[in-house]
Amino acid sequence: MNAIPELQHQFQDAVLAGTLVPVLATGHFEIYVNAYRGRLAEALRDNYPVLYRAMGDHAFSQLACSYVAEHPSRFRSIRWFGDDLTAFAEAHPDLLPHPALADLARMDWALRGAFDAADSDTLSAADVATIAVEKWPGQCFVLQAAVRLITLQWNVEPIWQALNQDENAATDAPQALQHSLLVWRREFECHWRSLDAREATALLVIADGGTFAEVCESLDEDANPAQTAAMYLRQWIEHGLLEKIL
Amino acid sequence: MKTELQGFGLGLRTDHYRDFIDASPRVDWLEVISENYLVPGGKPLYFLDRIRRDYPMVMHGVSLSIGGTDPFDADYLKQLKALVDRIQPAWISDHLCWTGTESLNLHDLLPMPYTHAALRHLTARLQQVQDYLGRPLLMENVSSYVTYPSDEMSEWEFIAELAMCSGCDLLLDVNNVYVSSVNHGFDPHVFIDAMPAQHVRQIHLAGHEDHGSYIIDTHDHPVSDAVWDLYAHTIRRLGMVPTMIERDDNIPPLAELITELDAARRLAEQTLAAKERAA
């Protein structure tokens, strides 16, 4: 028997199972058992700060405990722990006092991802002005690494904003409203805004590597698709969403 | 070749980024938690680069799992090496522990069994990492709350032997020595006296939480009187060693930590002066 792997296997199993007195070690084993759960729950609070505020300590702790029990960490850095919390919460509605909380989780995670996403150059209007007229239809653009486009089922943004500013803020009940939320980072500050369906569709075309002509096609119900596409493009450049032309 | 780094440092924490940039406080060097900067970009790396311009740095990792039995995480090592290239630390340290097995990470610093087999295991793994990183690693003693019936030697014998076998250097955490001494009932001075002086490159000081019959290493309090006393003993025994204060929670204003760091500086200087007078 190789003693070290066996010892570590038993130790880890006991921590994961919450066994307080394993036979393999003597002393205060419960400190490791408690520290494991406490540390991972704290990581979830850090990664989902507004969800935590919205749920309160008790409900969030129950969600965190259940998640930790089913999702032992495989990450080197605890910063990434909790990547599946939204899906987990949706699959366990008993742990979520209101279904809109899943959207707060989505928004928290998207902003957390934008915060330390890779730095990128920013495409300027002057860069775009160099594109020859005949090249426009086939022109592709690259989004910055920090850009996130997520779909929400509820209008949770006012709640997110209020709780982000003040943990005790009074908030109205969210209304069901399927829409897209754009998250991005400019310099070192993260931003977000909700998008109407047309702009979200157009931006998705860019995200998928589509051409300017395909952006226009995605807007075929619009009176003037090319003009609308150009307007969106200007706005995306102003907000610093684009990294470069391809 | 050994990179020289001297004096008294602090752990760089996000709360103090602006203070280091705006006020250039009198801290000789900074220790950064490697994992905090193994991210693609954004604020963490910006501040790291900005502050690195003004302060020497050392890197301190928490998830190498040198004592683990899984193969090393190649992606983690690659990122670690990239960070080394980026900030050129005076040295890199991690903990003499394991953090998980079977691809899991318990995100804790778990004690090794103090056996000859563990020494061989660690020596081989240290060699592997040091070869990959192209530089020596410092190994830090951890606080522990359990011992294993399979132990064949004391922790201090184990560490001294490891330094001899592997040639690794040591980051001696004086608070961890004290915490473990209370938890396991040994004399912390015996531990300190067993440390091979030529291998001790850095010292950590930190606060802990006293639960009466045991102590938890929390890094959320000022350094305790007992740890100050043990630090003075350490300096008498080892001479001046680069020393820093670790604070990871309940983080006070930077000025408060600098006052505590100045106390460490004074204590070390007074201890050495007294030793010289007595000689």
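Draft legend 1. Spatial organisation of the domain arrangement of chain A. Domain annotation for chain A reports domain 1 (1-97) and domain 2 (119-246). Just the C-alpha atoms count here: the centres of domain 1 of chain A and domain 2 of chain A sit 36 Å apart.

Draft legend 2. View of the pattern of salt bridges. All names here are of chain B. This structure, assessed with the given rule, holds 18 salt bridges over all chains. Notably, a salt bridge pairs Asp 262 with Arg 265, separated by 3.6 Å at the nearest N-O pair. Of the two residues, Asp 262 and Arg 265 are both situated in helix H9 (residues 254-278); the distance of three residues between them amounts to about one turn of the helix. Salt bridges linked by common partners bring Arg 26, Asp 28, Asp 262 and Arg 265 together as one network.

Draft legend 3. Expanded view of the interface of chain B and chain A. Facing 47 residues of chain B, the contacting portion of chain A comprises 40 residues. Looking at the side of chain B facing chain A, the largest losses of area belong to Leu 104, Leu 106 and His 107 of chain B, adding up to 19% of the total buried there. The tally of links from chain B across to chain A stands at three salt bridges. As a salt-bridge pair, Asp 73 of chain B and Arg 76 of chain A come within 3.7 Å of each other at their nearest N and O atoms. The interface formed by chain B and chain A holds 16 residue pairs in polar contact (both at pLDDT 80 or more) in total. Mapped onto the side of chain B that touches chain A, the elements with two or more residues apiece are helix H2 (43-52), helix H4 (116-133) and strand E6 (146-147) of chain B. Among the residues forming the side of chain B that touches chain A, the class breakdown is 23 nonpolar, 18 polar and six charged. By the bridge criterion, two bridges tie strand E1 (residues 26-27) of chain A to E6 of chain B in an arrangement that is antiparallel. Following the sheet pairing, Thr 26 of chain A is matched in E6 of chain B by Thr 147 of chain B.

Draft legend 4. The arrangement of the sheet that holds strand E5 (residues 137-140) of chain B in detail. Residue and element names in this part refer to chain B. Strand order in the closed barrel made by the eight strands is E1-E2-E3-E4-E5-E7-E8-E11, with parallel pairing throughout. Recorded for the sheet is a direction-independent mean angle of 30° between the axes of neighbouring strands. As paired elements, strand E3 (residues 57-60) and strand E4 (residues 92-95) share two bridges and run parallel to each other. Of the residues in E4, the one forming a bridge with His 60 is Ser 93.

Draft legend 5. Region of the structure containing the packing of helix H1 (residues 3-17) of chain A against helix H2 (residues 29-47) of chain A. Residue and element names in this part refer to chain A. Orientation of H1 relative to H2, taken along the N-to-C sense of each, is 60°, at an axis distance of 8 Å. Considering the angle they form, H1 stands oblique to H2. Like other packed secondary-structure pairs, H1 and H2 cross with a definite hand, here right-handed. Contacts between H1 and H2 involve Phe 11, Ala 14, Val 15, Leu 16 and Ala 17 on the former and, on the latter, Phe 29, Tyr 32, Val 33, Tyr 36 and Arg 37. Residues that form the contact of H1 with H2 fall into these classes: nine nonpolar, no polar and one charged.

Draft legend 6. View of the sheet that holds strand E5 (residues 189-195) of chain A. All names here are of chain A. If you walk across this open sheet you meet the three strands as E3-E4-E5, and the pairing is antiparallel. A single partner strand is all that each edge strand has here, and the edge strands are strand E3 (148-154) and E5. Taken over all neighbouring pairs, the strand axes of this sheet differ in orientation by 30° on average, direction set aside. Inspection of the sheet shows strand E4 (residues 176-186) paired to E5 by seven bridges, in the antiparallel sense. Bridge pairing links Leu 182 to Arg 193 in E5. Contacts between helix H7 (residues 157-165) and the sheet are confined to E3, E4 and E5, with E5 contributing the most and set at about 155° to the helix.

Draft legend 7. Expanded view of the pairing of strand E8 (residues 200-206) of chain B. Residues and elements named next belong to chain B. Of all seven residues in E8, seven are buried, a share of seventy percent or more. Here strand E7 (residues 169-173) pairs with E8 via four bridges, running parallel. In the strand pairing of E8, Asp 173 is matched with His 204. As paired elements, E8 and strand E11 (residues 243-246) share four bridges and run parallel to each other. Counterpart to His 204 in the pairing with E11 is Met 244.

Draft legend 8. Main features of the packing of H4 of chain B against helix H5 (residues 155-166) of chain B. Residue and element names in this part refer to chain B. One way to put it is that H4 packs onto H5 with a least axis distance of 10 Å and a crossing angle of 45°. As the angle between them shows, H4 and H5 are arranged oblique. In this structure, H4 meets H5 at a crossing whose hand is right-handed. Side by side, H4 and H5 meet where Ala 118, Leu 119, Leu 122, Thr 123, Leu 126 and Gln 130 of the first sit next to Phe 158, Glu 161, Leu 162, Cys 165 and Ser 166 of the second. Split into classes, the residues belonging to the contact of H4 with H5 amount to seven nonpolar, three polar and one charged.

Cut-off values and rules
Residues numbered from 1 in each chain as written. Chains lettered and ligands numbered in written order. Predicted model: local features only at pLDDT ≥ 70, side-chain atom pairs only at ≥ 80, totals over all residues. Heavy atoms only, no water. Domains from an automatic or database assignment. Salt bridge = Lys/Arg side-chain N within 4 Å of Asp/Glu carboxyl O. Helix = DSSP H or I, 4+ residues; strand = E, 2+ residues; numbered from the N terminus. Contact = heavy atoms within 4.5 Å. Buried area = accessible area lost by both parts, 1.4 Å probe. Polar contact = N/O pair within 3.5 Å; in protein donor to acceptor, adjacent residues only side chain to side chain. Nonpolar A, V, L, I, M, F, W, Y, C, P; charged D, E, K, R; others polar. Pairing = 2+ DSSP bridges. Axes fitted to C-alpha atoms, helices over the stretch in contact; angles between N-to-C directions. Parallel < 35°, antiparallel > 145°, perpendicular 65-115°, else oblique. Left-handed = near helix turned anticlockwise from the far one by under 90°. Buried < 20%, exposed > 50% of the residue type's maximum accessible area, 1.4 Å probe, protein only.

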